[in-house]
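Here's the letter readout for the chains.
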Amino acid sequence: MGDNATRPHVPWLFDLGQEDSNWVMTSSFIILTMQTGFGLLESGCVSLKNGVNIMMKNVVDVVFGGLTYWAFGFGLSFGRSPLNTPFYALGDFMLDPDFEDELMGPMFAAFLFQLSFATTATTIVSGAMAERCNFKAYCLFSLINTIVYCIPAGWVWGEHGFLFNLGVVDIAGSGPVHLVGGTSAFTAALMLGPRLGRYLNGNDPLPLGSPVNAIMGLFVLWWGWLAFNSGSTYGVTGAKWQYAATAAVLTLLASFGGGSVGLLYSGLTRAGYFDIMDLINGVLGALVSITAGCFLYRTYEAVLVGAIGATIACTTMPYFDKMGVDDPVGASSVHGLASMWGVLAVGLFAEDPKPLTTTGGRKGLFKGGGWELLGVQALSVLCLTVWAMVSTAIILMVVNWIIPIRMTEIEELLGADYSEHRIMQGGHIGVSRAVSALRPYHEMDPIGRTGTNPGHNAYLELYVKEKQKEIETTRDEVKINLSQPFKKSFSGKMRNPLNLRRPESALSTMRNNNNNRNERPNDQNEAENATSGAFSSIPTISINTDYYPRYAWLD
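Starting afresh in each chain, residues are numbered from 1 along the sequence in its written order. Totals for whole chains, interfaces and linings use every residue, but because this is a predicted model, local features are given only for residues with pLDDT of at least 70 and side-chain atom pairs only at 80 or more, for both listing and counting. Computation of side-chain values covers all heavy atoms of the structure but excludes hydrogens and water.

**Student:** So, the overall build of the chain: which residues are in play, and what are the values?
**Tutor:** Only DSSP runs of H or I with at least four residues qualify as helices, and only runs of E with at least two residues qualify as strands; both kinds are numbered from the N terminus onward. Across its full length, the chain carries 21 helices and 4 strands. Note on definitions: a residue-residue contact is assigned when non-hydrogen atoms from the two residues lie within 4.5 Å. For the chain, the proportion of contacts with a sequence separation of at least 24, taken over those separated by at least 6, is 75%. Accessible surface computed for the chain: about 26600 Å², of which carbon and sulfur atoms make up 62%. Only the protein chains shown count as covering a residue, and every accessible area follows the Shrake-Rupley method with a 1.4 Å probe.

Here it is, written out as structure tokens:
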């Protein structure tokens, strides 16, 4: 008992054994693959001339977002210090525990898991800013945007956080990750303004750049979400493994309900055809909704929670366009509004997952738990929404003061791939048309098409010129030799200068064929046979008899 009294307090975040740490680390690795899913989905939703730019932004989110999360983000969320307040933590900046520290492994495992969440929250914003955001400005935004996630993450999951101490329940981040990311996406899209010409032809969705990429992105996100939710049991020891399995099944069931709603909505509203984005956003809206209470529901309740989340995501997207908020990937609806429902759903349907202390022994309103849990969940939605909107607006204004965050009109028309990364993929008619239209008025740098090898093209031109020169030289030598008189060979037989045998019958045939060349343009086999021996050593580019000139000695 004395040992327990003197033992330093270990935050729940670092209370990990070897087996639980392995589970958390493996889940983190899988969650990081969701960056691939976001990249594919977002690049599939934008025009082809901006696809590379979207992928670059996703890389930047991991690189700069990860760097700043290590430098100060993790410390602001979960730092251990007597200076901690209910609104932020201090300590463990530039995380680097000593090798002798018994918490070194758990701390690194916890950091890795939270890092995967932080980069996801930042990536959500990139899709809403697509096709008109300056890349340099976005890099600076990504560097600073960590603070938008790490402060509310501390409120919800840090032992110092005021929402944590009020008893908020958010297992895998419907609030800190998706609500914060979706609200930031809405704020960024609102401040950036719509893409050029977005609403000139009405509010209908623009054509997808790559529907296949978008669907592939959905599958990768689907896979990653299983680790996102199951990994949030924070281990598999004791009863945790049972709820990890429960989280995986409920996550899938919710997505099944959401996908069904997406298909139904599309079939009823699209005049008989099925829109890809309705299906994608239906599934994603359901996944976002189930995240907060991923192992707190009954199976049929999980289907219901997912179906309602999908309904919110699909039906609200057109209203953002009517408001003039141009969100190319629908992050404001899918991650913003659907996550609000996900956080509130915990206050309605949550069970008490004994023996775990996830809900502190409380239940949702529909399970006889009263209004307390629902009230705390609603307060969480309000606080996270206001924080994300205000902080994102301030960061964007600061970034815009340093680097204009909106691309110029010329850059946007040319596409970010061309203007930001000097990439022009073959077949991009929109880029070629923009270049042709703008070149008379603006200086354009020459850019090779992606997938070509300019060195090979230049070498091939030199090669052809050299071979043509050899042909001309050989042709001149033949003319000179043919102009000399015929001589007798040592055998007493007449031979031409090239030592070709030319019986009289063959000569007659060649003369007749040559005289009738214009009358019989397709009958050229005899002439080819007669000259094949003479010119077999001459390098040629193509087998075309019209290429060879008529020689005097054949007449």
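After that view, the rundown keeps rolling.
**Student:** Which residues make up the nonpolar core, and what values go with them?
**Tutor:** Counting 110 residues, the largest nonpolar core has Y69, M129, Y149, L284 and Y297 as the members making the most contacts within it. For this core, the leading source of residues is helix 5 (residues 104-128), giving 12 residues. Dropping the residues within four chain positions of it, M129 is found in contact with K57, Y138, F141, A188, L192, L396 and I405. In this description, a nonpolar core means a group of buried Ala, Val, Leu, Ile, Met, Phe, Trp, Tyr and Cys residues linked to one another through side-chain atoms lying within 4.5 Å. With a 1.4 Å probe rolled over the protein chains alone, any residue whose accessible area is under 20% of its type maximum counts as buried; one over 50% counts as exposed, and the rest are partly exposed.

**Student:** Residues and numbers for the packing of helix 12 (residues 276-290) against helix 14 (residues 331-349), please.
**Tutor:** Remark: helix 12 packs on helix 14, axes separated minimally by 8 Å, with the N-to-C direction vectors making an angle of 40 degrees. Between helix 12 and helix 14, the crossing angle belongs to the class labelled oblique. Here helix 12 and helix 14 pass one another in a crossing that is right-handed. Contacts from N281, L284, G285, V288 and S289 in helix 12 reach V334, H335, A338, S339, W341 and G342 in helix 14. Along the lines of polarity and charge, the residues of the contact of helix 12 with helix 14 split into 5 nonpolar, 6 polar and no charged. Here an angle of 0 to 180 degrees is reported between the N-to-C directions of two axes, which are lines fitted to C-alpha atoms, with helices fitted over the stretch in contact. Angle categories are assigned with fixed cut-offs, so that under 35 degrees is roughly parallel, over 145 is roughly antiparallel, 65 to 115 is roughly perpendicular, and the rest are oblique. A clockwise turn of the near helix away from the far one marks a right-handed crossing, whereas an anticlockwise turn of less than a right angle marks a left-handed crossing. All amino acids are sorted into three groups, where Ala, Val, Leu, Ile, Met, Phe, Trp, Tyr, Cys and Pro are nonpolar, Asp, Glu, Lys and Arg are charged, and the leftover types, Gly among them, are polar.

**Student:** Please set out empty space enclosed by the protein residue by residue, giving values where relevant.
**Tutor:** Only protein atoms enter the 1 Å grid, on which a cavity is a set of points fitting a 1.4 Å probe that cannot get out and a pocket is an open set with protein on both sides within 12 Å along at least 5 of 7 lines, lining residues being those with an atom within 4 Å of a point. Grid points are joined across faces, edges and corners, and a volume is the space filled by probe spheres set on the points. Throughout the structure, instances matching the rule amount to 5 cavities of 30 Å³ or more. Here the largest cavity defines a volume of roughly 90 Å³. Residue lining of the largest cavity: F38, L41, E42, I124, L221, N281, L284, V329, A331, V334 and H335, and that is the complete set. When contributions to the lining of the largest cavity are tallied by element, the ones reaching two or more residues are helix 3 (34-45), helix 12 and helix 14. Across the lining of the largest cavity, the residue classes tally to 8 nonpolar, 2 polar and 1 charged.

**Student:** Kindly report on the environment of C139, identifying the contributing residues and their values.
**Tutor:** One can find C139 in helix 6 (residues 135-144). Residues within four places of C139 in sequence aside, it is in contact with V60 and F64.

**Student:** Provide a residue-level description of the side chain of K57, including the pertinent values.
**Tutor:** Structurally, K57 is set in helix 4 (residues 51-78). The positive count covers Lys and Arg only, the negative count covers Asp and Glu only, and His and the chain ends enter neither. Salt-bridge detection follows one rule: a side-chain nitrogen of Lys or Arg within 4 Å of a carboxyl oxygen of Asp or Glu. Salt bridges are absent for the buried K57, whose nearest opposite-charge side chain, E420, sits at 7.4 Å. Not counting residues up to four positions away in its chain, the partners in contact with K57 are S126, M129, A130, C133, F135 and Y138.

**Student:** Which residues make up the packing of helix 14 against helix 15 (residues 372-402), and what values do they have?
**Tutor:** The relative placement of two packed helices comes down to the angle between their axes together with the axis-to-axis distance. Contact pair helix 14 / helix 15: the axes reach a minimum separation of 7 Å and the direction vectors enclose 165 degrees. Relative to helix 15, helix 14 is oriented roughly antiparallel. As helix 14 packs across helix 15, the resulting crossing turns out to be right-handed. Along the contact surface, helix 14 presents M340, V343, L344, V346, G347 and L348, while helix 15 presents L373, L374, Q377, A378, V381 and T385. Split by residue class, the contact of helix 14 with helix 15 holds 9 nonpolar, 3 polar and no charged.

**Student:** Go over helix 14, please, and point to the residues and values.
**Tutor:** Residue pairs three or four apart in sequence face the same way in an α-helix, which turns once every 3.6 residues. To estimate how far a helix should reach, multiply one less than its number of residues by 1.5 Å. Its 19 residues place the ends of helix 14 25 Å apart at the C-alpha level, agreeing with the 27 Å of an ideal helix rising 1.5 Å per residue. Here the bend at each residue means the angle between axes fitted to two seven-residue stretches, the one ending at that residue and the one beginning there. The sharpest bend along helix 14 comes to roughly 30 degrees, located at S339. Counting buried positions along helix 14 gives 16 out of 19 residues, so the element sits mostly inside the fold.

**Student:** Before we move on, can you summarise unusual backbone geometry with the specific residues and values?
**Tutor:** For the peptide bond that leads from K354 to P355, omega is 5 degrees, which places it in the cis range. Mapping P355 onto the fold places it in the loop between helix 14 and helix 15. Backbone geometry at Y234 places phi at a positive 65 degrees, although glycine is not the residue there. Note on placement: Y234 falls in the loop between helix 10 (211-230) and helix 11 (240-269). Of note, R422 is a non-glycine position whose phi angle comes to about 55 degrees, a positive value.

**Student:** Give a description of the pattern of salt bridges that names residues and reports values.
**Tutor:** In this structure the tally under the stated criterion is 11 salt bridges. Close ionic contact of D92 with R80 constitutes a salt bridge, the shortest N to O distance being 3.1 Å. With D92 in the loop between helix 4 and helix 5 and R80 in the loop between helix 4 and helix 5, this pair connects stretches of sequence that are 12 residues apart. Measuring nitrogen to oxygen at the nearest pair gives 3.8 Å for the salt bridge that ties E470 to K467. Pair noted here: E470 and K467 are both in helix 19 (residues 454-482), with a separation of 3 residues, about one helical turn.

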